[in-house]
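Inside the fold
Spelled out, the chains give:
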Amino acid sequence: MHIRFDVPADPAYPGRVAAALGGVRLRRFLYIGAVLAAIGAVGFAVSRGSAAGERTTGLWTTLVLAGVLSMLFLPWVRWRARRRSGGYAVDGAYEITDDNIMMRSGSESGGIAWDGVTRVKDTSDFWIVYVDRMPATVIPRWLMSAEDAETLRTFMTERGLLAPR
């Protein structure tokens, strides 16, 4: 297998990459926030009918507020990543072989050996490549030809890195 494709200097691209990688790590804040907000809302509702309700109103309000802020953390990080990364737009390229994934961005280049990849997560725009438990890079599917994308999907599925469709 030998797949090569270019990444144009699109100001939106670095933000999309940052949002995809950040979303993987920060999604737990959505769940934590939902739990905190739910506990706070239930506690507030239950305490309204009790004698101690007035004393605990601050606690329940704080839990709801902390939950809402936690749920807003991921969208805030994505917004900041998109806003700040526009200046990082440079031409780049990917070269993917049976042995490794080579990436070039501007004057920088790097690679990841397939032997070090532990899994690949399929998202709407990217394949997120993991080394151990950390997302290491993304492979943008929409920049590849349909044949190359299918070849790479088959390769990753055969290696047990990507779940079959």
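You'll find the structure just up there.
Rules behind the numbers
Residues numbered from 1 in each chain as written. Predicted model: local features only at pLDDT ≥ 70, side-chain atom pairs only at ≥ 80, totals over all residues. Heavy atoms only, no water. Pairing = 2+ DSSP bridges. Helix = DSSP H or I, 4+ residues; strand = E, 2+ residues; numbered from the N terminus. Expected span 1.5 Å × (residues − 1). Buried < 20%, exposed > 50% of the residue type's maximum accessible area, 1.4 Å probe, protein only. Arc of directions from axis to C-beta. Axes fitted to C-alpha atoms, helices over the stretch in contact; angles between N-to-C directions. Contact = heavy atoms within 4.5 Å.

1. Some thoughts on the pairing of strand E4 (residues 108-113)
Consecutive side chains of a regular strand alternate in pointing toward one face of the sheet and then the other. In this structure, strand E3 (residues 100-105) lies alongside E4, joined through six bridges in antiparallel fashion. For Ser105, the partnering residue across the bridge sits in E4 and is Glu108. Hairpin remark: E3 followed by E4, antiparallel, with two residues in the connecting loop; positive phi at Gly106, about 65°.

2. A look at helix H3 (residues 146-158)
Here H3 is 13 residues long and its end C-alpha atoms lie 18 Å apart, about the 18 Å a rise of 1.5 Å per residue gives. All buried positions along H3 are accounted for by Ala149, Leu152, Arg153, Phe155 and Met156. Angular distribution of buried residues about the axis of H3 spans 165°; they occupy a single face of the element. More than 90 degrees from the buried face of H3, the exposed residues found are Ala146, Glu147 and Glu158.

3. Digging into the sheet that holds strand E6 (residues 126-131)
Read from one edge of the open sheet, three strands run E5-E6-E7, paired in antiparallel fashion. The sheet is open, and its two edges are formed by strand E5 (117-122) and strand E7 (134-140), each paired on a single side. The average angle at which neighbouring strand axes cross in this sheet is 25°, direction not considered. Pairing geometry for E6 and E7, over six bridges, is antiparallel. Pairing of Ile128 across the sheet is with Val138, part of E7. Where H3 meets the sheet, its contacts fall on E5, E6 and E7, and the angle it forms with E6 comes to roughly 30°.

4. Description of the sheet that holds E3
Read across the sheet, four strands follow the order E1-E2-E3-E4 without closing on themselves; strand pairing throughout is antiparallel. Pairing within the sheet leaves two strands with one partner each, and these edge strands are strand E1 (2-7) and E4. With direction set aside, neighbouring strand axes in the sheet form an average angle of 10°. Taken together, the six bridges between E1 and strand E2 (residues 92-97) define a ladder with antiparallel strand orientation. Within E2, the residue paired with His2 across the bridge is Thr97.

What is shown is where atoms sit, not what they do.
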